[in-house]
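Chain by chain, the residues:
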Amino acid sequence: MEVKGKSKGILKRISGPVVTAVDLDAHMYDVVKVGDEQLMGEVIKIDGDDTIIQVYEATDGIRPGEPVENTGMSLAVELGPGLLTSIYDGIQRPLEVLMEKMGSFIERGVSAPGLDHAKKWEFKPLKKKGDEAGPGAIIGEVQETNIVTRIMVPPNFRGGKIKDIKKGEFTVDDVVCTLDSGEEVTMMQKWPVRVPRPVFEKKNPDIPLITGQRILDGLFPVAKGGTAAIPGPFGSGKTVTQQALAKWSDAEIVVYIGCGERGNEMTEVLTEFPELEDPKSGKPLMERTILIANTSNMPVAAREASVYTGITIAEYFRDMGYDVSLMADSTSRWAEAMREISSRLEEMPGEEGYPAYLSARLSEFYERAGRVETLDRGFGSITVIGAVSPPGGDFSEPVTQNTLRIVKCFWALDAKLSQRRHFPAINWLNSYSLYLDSLSSYYDENVSPEWNPLRVWAMGVLQKESELQEIVQLVGSDALPDEEQVTIEVARLLREVFLQQNAFDPVDTFCSMEKQFDIMKAIRKYADLGYDAQKSGAPIAAIVDVKAKNELVQIKFIADYKSELDKILKQMDTEFAKVKEA
Amino acid sequence: MKEYRTISKVQGPLVFVEKTEPVGYSELVNIVQSDGQIKRGQVLDTSDEIVVVQVFESTAGIGRDSGVRFLGETIKMPVGKDMLGRILSGGGKPKDGGPEIVPEERLEITGAAINPYARASPDEFIQTGISTIDATNTLVRGQKLPIFSGSGLPHNEIALQIARQAKVPGSDEQFAVVFAAMGITKEEENQFMADFERTGALEHAVVFLNLADDPAVERIITPRLALTTAEYLAFELDYHVLVILTDMTNYCEALRQIGAAREEVPGRRGYPGYMYTDLASLYERAGIIKGKKGSVTQFSILTMPGDDITHPIPDLSGYITEGQIVVSRELHRKGIYPPINVMPSLSRLMNLGIGEGMTREDHKKVSDQMYAGYAEGVDLRGLVAIVGKDALSERDRLFLEFADLFEDKFVRQGHDEDRSIEDSLDLGWELLATLPEDQLTRIDREMIHKYHPKYRKKE
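Everything numeric in this text was worked out from a predicted model, so none of it was measured.

1. Topic: the overall build of chain B
- Each helix and strand in chain B was counted, giving 14 helices and 22 strands.
- The C-alpha radius of gyration of chain B comes to 25 Å, within 12% of the 23 Å expected for a compact globule of 459 residues.
- If one aligns the C-alpha atoms of chain B with their principal axes, the spans along those axes are about 85 × 50 × 40 Å.
- When each of the 459 residues of chain B is scored for burial, the buried share is 62%.
- Put simply, 72% of the contacts in chain B that link residues at least 6 apart link residues at least 24 apart.

Here is the structure:
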């Protein structure tokens, strides 16, 4: 932000992404230009005359004696119109621009601003001369995609009365508004990524983020402004789940951070999102999305920064009053980047070689989520959903454990489930959501008063099934009492019909709350009729053989399911009537 | 060129040199021994006072009297069209008695990252002729799919069968194989070379050989040379390149050896904390680039120490690669070839390359249903061991039999048996037909009516 005075120094040592400079006036986290090629770096340690710098690009060929220049600014992102639909690397360089400048491979020493400074945007003022405009106040807007970017007085301004406000087409550098404090507002603001943007007040989250995923919405909901973690071994479906959330959750803005993950996965998002429609607006999903792609083979220091770049962009949209959801895939790679840099600094390691400040960094990051009253007195939220990749699928490792201490929602992925292609492979016994209580009134009012009791019932059946399965493993299911055999059958329906969801089926990929409720009710109906028939002495084989219940699976793949469902329910009644007669 | 005689310390593969002029990070180094022998190395750490050099060959013979020359450039690989058909050492020197490579270009071996924005989505189905891969863990062009195996299992045979049979149905574009061996035995080398010669594959292959008795540190550059060559063939000369890297476990051991010599803080099981990033810098060099005709598909082989899939090497690999093919000792003991266990196997890019217009519309659902059925059958085996087969219900008995059939008919096939995708899927349907129709919950009714053998016969 403010320039603290430039200064020049000389490189003394180069060891991979960490370099040491001498004779440099620097402050912690100042951005510096390293070497003749001016590679971008950041000050991470000051020790006597030595300044230690992490470099965001490969340092091959750089020699001691080359110059280092301090820009006097901390790592900041450019915030303004033009963010939406963009795809950036970890330090907000647009990948499209990088491709134009250096071709298909990412070479180094190329800088590219986060926003297009030449493009003109239509600025529509929302305030007029003489109006009060404090820090964070919304003074105008730009219709960007189908989403409006609201132009705000930067939160670090003093603010004041508007002396002059313009209307028309401007670039992001043009002054659109002057305040009587002498401050000039442009459509772009710069904000240092490691500093959370201020809000008026944090609120408690009490509205669910509807994701269209039955197991999440139904059993383990996350609130708008909440935090959730998805840990799981490789191949258990973290990325598919993250992408399903990015696609279908009812947030207004989605920030997707591919942090140290696969290049082809980002390409998949890039090719798929523009073609998919937002179920709410009917517009391409890409229009509400910002992607940050720092793949595993891109520089590790930029990977460390990518998470901060993402959350700062999310905060900017939250300050406009939007509900933002942020997916970080994967926070383990971020933690590993910290570990790598820390070990280059020869810091005393904590658990498993991770730095001792791992826990602090993780909690600082997740704490930037939340539902807030903005400086403009509007409401906005950031929901943070972090994937965790525990080595060997062992949840006792430091990143998973430190994450669990902070987040309120835990969606435990299970390799056993994914191996039998039960997707989403979220284990219903180990997962939890601490938002159930604060969200329950929302469900009463917006879904049905029956919803909360139904969920409690379903969880009970699944819990009971896991106990019964232990017995079945020993003696076989025929040895169970009839009543419990019905329970086993009901649990199977819950698993196969309700919990399993096919992310690749055009209909089943998104399931509305109404449909979730209808499916759950249908299963409950089978359970009620089943127990009733069993009590009146019907043979268990006949109850299990009821054909109608097997038809329920097909409901998932039908868009207009209502009439088909009615048919199945009627058939169920008839079949049970026969069962009881016999 | 200035030669320094200021070596202050030699430790394992590392040589410490004092009082030099400024030396660039990653720069290439020649060390001249008193007997005139020249060894190659690379700068790992550079400062005013001391430069740390990692030597790619044995440090035997290097002493205080050895000279050190800094070459002023990072390691480059000479590449050219005449590389096809050549056999090179793990350090890139000709090993077949032929002439040096005539370089058309000299490329940095570290290789820059492909801009994710420049990548094209891999969606071209590669038919390997192996049912457990084609039908249930489909490989696509530009994918990186490793084989997770164990010592004594036939992973080499599987890799060779894939290299022999892999093709994109209906296309006759030029393809090449780049084969990089790291620390394999002479016997294994012979096995690969004999097969390459038998099938004539050598003509369009480039082979890099670092054998078990070659310097371990050389293994650090072998895969990088191979991938640089592959990228050149793919993105400059429009080849579809299949890269086979074997054995990644030996590569990781070499990485650990250097980490230990540098006295770095070790991560899990003594492997360096940056192993994920290092492996990614190899595995991520696969893919397709928009506007270029060629592609790089990677097939790496690693042996899991103690068959443990949670060991850091398979674990970190699995987090980077786009799936894995797991070879099972249990199936191997049953005498089934290829002993691929589909349950822990996975192809992440499968869904991009299958379905209507690519393979067949029922592909995904048949695959899911077979997984579910096989998983259930395998579970029941545990139960049968306790209560006996007679205690099973009729439904359970069918699933149990399905699992046996699946292994015997679907998994098992001959070394030279090249099944088309249609054959594999039809075979799948045949096996699924042994299950009650209402148990096929993963398949919608329309597909069942179209493909289930019961309805097909009526036509």
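We are not done yet, so read on.
2. Here we look at the sheet that holds strand 12 (residues 138–143) of chain A
Residue and element names in this part refer to chain A.
- Read from one edge to the other, the open sheet built from four strands follows the order 13-12-10-15, with strand pairing classed as antiparallel. Whereas interior strands pair on both sides, the edge strands pair on one side only; in this sheet they are strand 13 (148–152) and strand 15 (168–170). The average angle at which neighbouring strand axes cross in this sheet is 40 degrees, direction not considered.
- In this sheet, strand 15 lies alongside strand 10 (residues 121–125) in antiparallel orientation, the contact comprising three bridges. When the sheet's bridge partners are listed, Glu-122 is paired in strand 15 with Glu-169.

3. A closer look at the pattern of salt bridges
Residue and element names in this part refer to chain B.
- Counted according to the given criterion, the structure contains 78 salt bridges over all chains.
- The shortest N-O distance in the salt bridge between Asp-362 and Arg-360 comes to 3.0 Å.
- Here Asp-362 falls in the buried class, since its relative accessible area comes to 1%.
- Judged by its relative accessible area of 13%, Arg-360 is buried.

4. Describing helix 6 (residues 275–283) of chain B
- Counting buried residues in helix 6 of chain B gives nine out of nine residues, a clear majority hidden from the surface.
- Listed as buried for helix 6 of chain B are Met-275, Tyr-276, Thr-277, Asp-278, Leu-279, Ala-280, Ser-281, Leu-282 and Tyr-283 of chain B.
- On its buried face, helix 6 of chain B sits against helix 5 (300–319) and helix 6 (331–344) of chain A together with helix 4 (222–235), helix 5 (248–261), strand 20 (295–303) and helix 7 (312–320) of chain B.

5. Topic: the domain arrangement of chain A
Residue and element names in this part refer to chain A.
- Taken domain by domain, chain A consists of domain 1 (8–73), domain 2 (79–98 + 200–434), domain 3 (116–187) and domain 4 (451–581).
- Between the C-alpha centres of domain 2 and domain 4 there is a distance of 34 Å.
- Counting from both sides, the interface comprises 18 residues of domain 2 and, opposite them, 22 residues of domain 4.
- Between domain 2 and domain 4, the buried area comes to about 2,000 Å², and carbon and sulfur atoms account for 65% of it.
- The three residues of domain 2 that bury the most area against domain 4 are Arg-214, Leu-219 and Trp-428, which together make up 39% of that side's buried surface.
- Here Arg-214 and Asp-508 are joined by a salt bridge, their closest N and O atoms 3.1 Å apart.
- For the pair domain 2 and domain 4, the interface holds eleven residue pairs in polar contact (both at pLDDT 80 or more).
- Take the side of domain 2 that touches domain 4: its biggest share by element is five residues, from helix 2 (residues 214–219).

6. Focus: the nonpolar core
Residues and elements named next belong to chain A.
- Counting residues in hydrophobic clusters, the biggest one holds 85 residues, and the most contacted among them are Trp-411, Trp-457, Leu-494, Ile-523 and Leu-552.
- When residues are assigned to domains, this core turns out to be shared by domain 2 (79–98 + 200–434) and domain 4 (451–581), each giving three or more.
- Apart from residues no more than four positions distant in its own chain, Ile-523 is found in contact with Trp-457, Val-490, Leu-493, Leu-494, Val-497, Phe-498 and Leu-552.
- Counting residues in each nonpolar core, the second largest holds 82 residues, with Ile-52, Leu-83, Ile-147 and Met-152 among its members.

7. Digging into a nonpolar patch on the surface
- Taken together, Ile-471, Leu-474 and Val-475 of chain A together with Ile-386 of chain B make up a surface patch of nonpolar side chains, about 360 Å² in accessible area.
- Sorting elements by how many residues they give to the nonpolar patch places helix 11 (residues 451–475) of chain A first, with three residues.
- Tracing the backbone through its elements, the reader meets Ile-386 of chain B in helix 10 (residues 363–387).

8. Concerning helix 7 (residues 358–366) of chain A
Residues and elements named next belong to chain A.
- For helix 7, the complete set of buried residues consists of Leu-358, Arg-361, Leu-362, Phe-365 and Tyr-366. Each buried residue of helix 7 lies within a common arc of 125 degrees when the element is viewed along its axis, so the set occupies one face.
- On its buried side, helix 7 packs onto strand 20 (227–231), helix 5, strand 23 (323–329), helix 6, strand 25 (379–388) and helix 8 (398–404).

9. Here we look at the pairing of strand 3 (residues 14–18) of chain B
Residue and element names in this part refer to chain B.
- Within strand 3, four of the five residues are buried, which leaves it mostly tucked inside the rest of the structure.
- Note that strand 2 (residues 7–11) and strand 3 share four bridges and pair antiparallel. In the sheet register, Ile-7 faces strand 3, and the bridge partner there is Val-17.
- Here strand 2 folds back onto strand 3, and the loop between the two strands holds two residues, one of which, Gly-12, carries a positive phi near 55 degrees.
- Here five bridges tie strand 3 to strand 6 (residues 50–55), and the two strands are oriented antiparallel to one another. Bridge pairing in strand 6 links Val-15 to Val-53.

What counts, and at which threshold
- Residues numbered from 1 in each chain as written.
- Chains lettered and ligands numbered in written order.
- Predicted model: local features only at pLDDT ≥ 70, side-chain atom pairs only at ≥ 80, totals over all residues.
- Heavy atoms only, no water.
- Helix = DSSP H or I, 4+ residues; strand = E, 2+ residues; numbered from the N terminus.
- Rg over C-alpha atoms; globule rule 2.2 N^0.38 Å.
- Buried < 20%, exposed > 50% of the residue type's maximum accessible area, 1.4 Å probe, protein only.
- Contact = heavy atoms within 4.5 Å.
- Pairing = 2+ DSSP bridges.
- Axes fitted to C-alpha atoms, helices over the stretch in contact; angles between N-to-C directions.
- Salt bridge = Lys/Arg side-chain N within 4 Å of Asp/Glu carboxyl O.
- Domains from an automatic or database assignment.
- Buried area = accessible area lost by both parts, 1.4 Å probe.
- Polar contact = N/O pair within 3.5 Å; in protein donor to acceptor, adjacent residues only side chain to side chain.
- Core = buried A, V, L, I, M, F, W, Y, C linked by side-chain atoms within 4.5 Å.
- Patch = residues over 30% accessible without salt bridge, like charges linked within 9 Å, V, L, I, M, F, W, Y side chains within 5 Å.
- Areas by Shrake-Rupley, 256 points an atom, 1.4 Å probe, with all protein chains shown as cover.
- Arc of directions from axis to C-beta.

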